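Chain by chain, the residues:
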Amino acid sequence: MAPPSSEHAPAYPGFSVKYTKLFINGEFVDAISSKTFETLDPRTGEALASVAEGDAADVEKAVAAARKAFEEGPWPRLSGYQRGRILFKFADLMEQNVDELAYLETLDNGKPLFFSKYADVASSVKCVRTVAGWADKISGQTFKMDGPYQGMSVYEPYGVTGAIIPWNFPILMFVLKVAPSLAAGNTTVVKPAEQTPLTALYLAALAKQAGVPDGALNVVPGFGPTAGAAIAGHMDINKVGFTGSTEVGRIIMEAAAKSNLKPVTLELGGKSPLVICEDADLDAAVDIANVALFFNMGQCCTAGSRIFVQESIYEAFVNKAVEKAKKRVVGDPFKAGVEQGPQVDETQFKKILEYIESGKAEGAKLLTGGNPVGNKGYFIEPTIFGDVKDDMKIAREEIFGPVMSVLKFKTLDELVKRANNSMYGLAAGVVTKDMDVANRLARSFRAGTVWINCYHVYDQSLPFGGYKMSGIGREHGLHSILAHMQLKAIITPLKDS
Ligand code: ADP
């Protein structure tokens, strides 16, 4: 299918959406029901491609393929080194196909092409390589026990894993779940988000080309309450990983508990505080806050969505932040220089506009933005609210859009309490020249990641995950492989000891 007609979309010679079917047992197949759903172009709201719609029956088929691949296939029997080599090849193929992957990601998700290529695909390649490098370095321990026995601990894969992923970073979320699961020797069934199924299918084709055996990786596009629920509640899936809203995370955990008590890792919502202290370099602070909130159209679970600014610099900060937000280039994500594309879909678009209305109604001061951009697609102006109070909805709930809330604070003691007064605990940030203050705050924040004088800087070797209701478990590198393995104790008698 050709890219949709848009006056701005550049021609991509020979581009077409190649993969639109379910990927089960190494083949692209129709859904058992023959149903399809449309994935939309967020620039226009028009259909982009019809994708096979998997449901419980297809999940059943995918789990059966994954189970067979686990029990009888080569994948769990390969050494970590051999699995690592295949995953390195997968990463190489991603890199070789970066233009097409990035194009497809932008088409389906709406994020600027520059970011798709240099942030999403680049960090995804790194994720796969980091995990591939760990595949042959996982080992247990041996020791002499009391009496004539030797004890051994052995890391083993769980078996069949399930992954349910969101639409904000479709490629990255796919590899964050799939690469460690496969590196650990599991076989897996993935459900991409219904808004953005295209790159997951493309990645499945690359994984096959890299040598991932049939059945070891299965991708079932479909909807949450059908395909997603079938994964979470499946009796033959041994571990499930989920990234998405806290609300759905609770449903996943409940389904896991009610079925076979499969362990879950959850990466959920956030309402992360970013603290600007009065000694901060103001321009740097404004830049950091801008990235913290507006990156990826505000669609980041880690978004710095509560900007706490110390009273003495509040006015100066707000003026500069507004000036910067107004300069942000919103438009067709394929156009060079565009920093902000559309929100992913109409549901998100409407939800964000409702939050903007609620901010106004609750008395926050709308300093810039607040409206849709254009009359087609899901574009929203970069928006800043000042004078936000802790109990307002826009200060408590995750907006997942380009809406910055600025709050005033006086003292650090007061700040720490207010910053931690959230059910979430995914990330936090502080901008200050005083490293004593930075260190004190970094240790005080009840959050899984803390940025000092920067924001949205990630590395596959650092643990990533949430405190409180922002999640369970840690992802990235070694942490993510170990989250996909269980430990066995083996005891043998020792002669002549
Ligand atoms: P968002 O609100 O950002 O769309 P969700 O948490 O609703 O995020 O969705 C993240 C992923 O969870 C998607 O793949 C979605 O299809 C899936 N999902 C939604 N509802 C359910 C459910 N009841 N059971 C399992 N998966 C679900």
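Residues numbered from 1 in each chain as written. Predicted model: local features only at pLDDT ≥ 70, side-chain atom pairs only at ≥ 80, totals over all residues.

A. Region of the structure containing the overall build of the protein. If you tally the helices and strands in the protein, you get 15 helices and 22 strands. A compact globule built from 497 residues would reach a C-alpha radius of gyration of about 23 Å, and the protein, at 23 Å, matches this within 12%. Principal-axis analysis of the C-alpha atoms gives the protein an extent of 75 × 60 × 40 Å. For the protein, with 497 residues in total, the buried portion stands at 52%. Summarising the internal contacts of the protein: among those between residues at least 6 apart in sequence, 72% fall at separations of at least 24. (Helix = DSSP H or I, 4+ residues; strand = E, 2+ residues; numbered from the N terminus. Rg over C-alpha atoms; globule rule 2.2 N^0.38 Å. Buried ≥ 20, exposed ≤ 12 C-beta atoms within 10 Å, placed from the backbone. Contact = placed C-beta atoms within 7 Å.)

B. Layout of the site of the ligand. The full set close to the ligand counts 17 residues, and Gly224, Gly228, Gly244, Ser245 and Val248 are the nearest of them. Those elements that provide at least two residues to the shell around the ligand are helix H7 (224-232) and helix H8 (246-258). With five residues, the top contributor of residues to the shell around the ligand is H7. Considered class by class, the residues forming the shell around the ligand number eleven nonpolar, four polar and two charged. (Near = placed C-beta within 6 Å. Nonpolar A, V, L, I, M, F, W, Y, C, P; charged D, E, K, R; others polar.)

C. Region of interest: the UniProt feature "active site" (unreviewed entry) in the protein. Summarizing the sequence annotation, UniProt attributes the feature "active site" (unreviewed entry) to Glu267 in the numbering used throughout. Topologically, Glu267 is positioned in strand E11 (residues 264-267). The residues contacting Glu267, other than those within four sequence positions of it, are Thr243, Cys301, Gly465, Gly466, Gly471 and Glu475. (UniProt positions renumbered as here; feature names shortened; annotations may be inferred.)

D. Structural context of H8. Under the 1.5 Å per step criterion, the end-to-end length of H8 is 18 Å for 13 residues, consistent within 8% with the ideal 18 Å. Along H8, the residues that are buried comprise Thr246, Val248, Gly249, Ile252 and Ala256. Buried positions in H8, seen along its axis, are confined to an arc of 155° and lie on one side of it. Along H8, exposed side chains directed more than 90 degrees from the buried face belong to Glu247 and Lys258. Looking at the buried positions of H8, the neighbouring elements they touch are strand E7 (160-164), H7, strand E10 (239-243) and E11. (Expected span 1.5 Å × (residues − 1). Arc of directions from axis to C-beta.)

E. The nonpolar core, seen in detail. Counting 88 residues, the largest nonpolar core has Leu87, Val128, Val131, Ala183 and Val189 as the members making the most contacts within it. Here this core gets ten residues from one element, more than from any other, and that element is helix H5 (residues 170-183). Residues in contact with Ala183, not counting those within four places in the same chain, are Arg83, Gly84, Leu87, Val131, Ala132, Trp134, Ala135 and Ile481. The next biggest cluster of nonpolar side chains, apart from the first, holds 58 residues, and it includes Cys300, Val330, Ile352 and Trp451. (Core = buried A, V, L, I, M, F, W, Y, C linked by C-beta atoms within 7 Å.)

F. The arrangement of H5 in detail. Look at H5: 20 Å from first C-alpha to last across 14 residues, which is about the 20 Å you get at 1.5 Å a residue. In terms of burial, H5 is a largely internal element, 14 of the 14 residues being buried. Phi for Gly185, located one or two positions after H5, is positive at around 100°.

G. Representation of the packing of helix H4 (residues 113-134) against H5 within the structure. One way to put it is that H4 packs onto H5 with a least axis distance of 9 Å and a crossing angle of 10°. One finds that H4 runs roughly parallel with respect to H5. Only Ile171, Leu172, Val175, Leu176, Ala179, Pro180 and Ala183 of H5 make contact with H4, whose side of the interface consists of Asp120, Val121, Ser123, Ser124, Cys127, Val128, Val131, Ala132 and Trp134. Grouping the amino acids of the contact of H4 with H5 by side-chain chemistry returns 13 nonpolar, two polar and one charged. (Axes fitted to C-alpha atoms, helices over the stretch in contact; angles between N-to-C directions. Parallel < 35°, antiparallel > 145°, perpendicular 65-115°, else oblique.)

H. Looking closely at the environment of Pro166. For Pro166, the location among the structural elements is in the loop between E7 and H5. On the basis of neighbour count, Pro166 is assigned to the buried category, with 21 C-beta atoms found within 10 Å. For the pair formed by Pro166 and Ser245, sequence separation is 79 residues and the distance between their alpha carbons is 8.8 Å.

I. Just the sheet that holds strand E16 (residues 403-409), in detail. The mixed open sheet is built from seven strands, whose spatial order is E14-E15-E16-E13-E12-E18-E19. Every interior strand has two partners, whereas the edge strands, strand E14 (365-368) and strand E19 (449-452), have only one. Across the sheet, the mean angle separating the axes of adjacent strands is 25° when strand polarity is ignored. Across four bridges, the pairing between strand E18 (residues 427-431) and E19 is parallel. Bridging across to E19, Ala428 finds its partner in Val450. Contacts from helix H10 (residues 314-327) reach strand E12 (273-276), strand E13 (306-310), E14, strand E15 (383-386) and E16, with the element oriented near 50° to E14. (Pairing = 2+ DSSP bridges.)

J. Expanded view of unusual backbone geometry. Phi is positive for Phe400, which is not a glycine, with a value near 60°. Note on Phe400: 25 C-beta atoms within 10 Å, which makes it buried.

K. Geometry of the pairing of E18. A large share of E18 lies buried, amounting to five of its five residues. In E18, alternate side chains face the same way, and those of Ala427, Gly429 and Val431 on one face and Ala428 and Val430 on the other are all buried. Where E12 and E18 come together, three bridges link them in parallel fashion. Bridging across to E18, Ile276 finds its partner in Val431.

L. Quick look at the packing of H7 against H8. Viewed as axis vectors pointing N to C, H7 and H8 meet at an angle of 45°, and their least axial separation amounts to 9 Å. Here H8 runs oblique to H7, going by the angle between their axes. Once H7 is placed against H8, the crossing between them reads as right-handed. In contact with Gly224, Ala229 and Ala232 of H7, H8 contributes Val248, Ile252, Ala255 and Ala256. Residue composition of the contact of H7 with H8, grouped by class: six nonpolar, one polar and no charged. (Left-handed = near helix turned anticlockwise from the far one by under 90°.)

M. Examining the pairing of E19 more closely. Covered by surrounding structure in E19 are Thr449 and Trp451 only, the residues Val450 and Ile452 on the alternate face being uncovered. In terms of handedness, the path from E18 via helix H14 (residues 435-444) over to E19 forms a crossover that is right-handed. (Right-handed = clockwise from strand over helix to strand, strands pointing away.)

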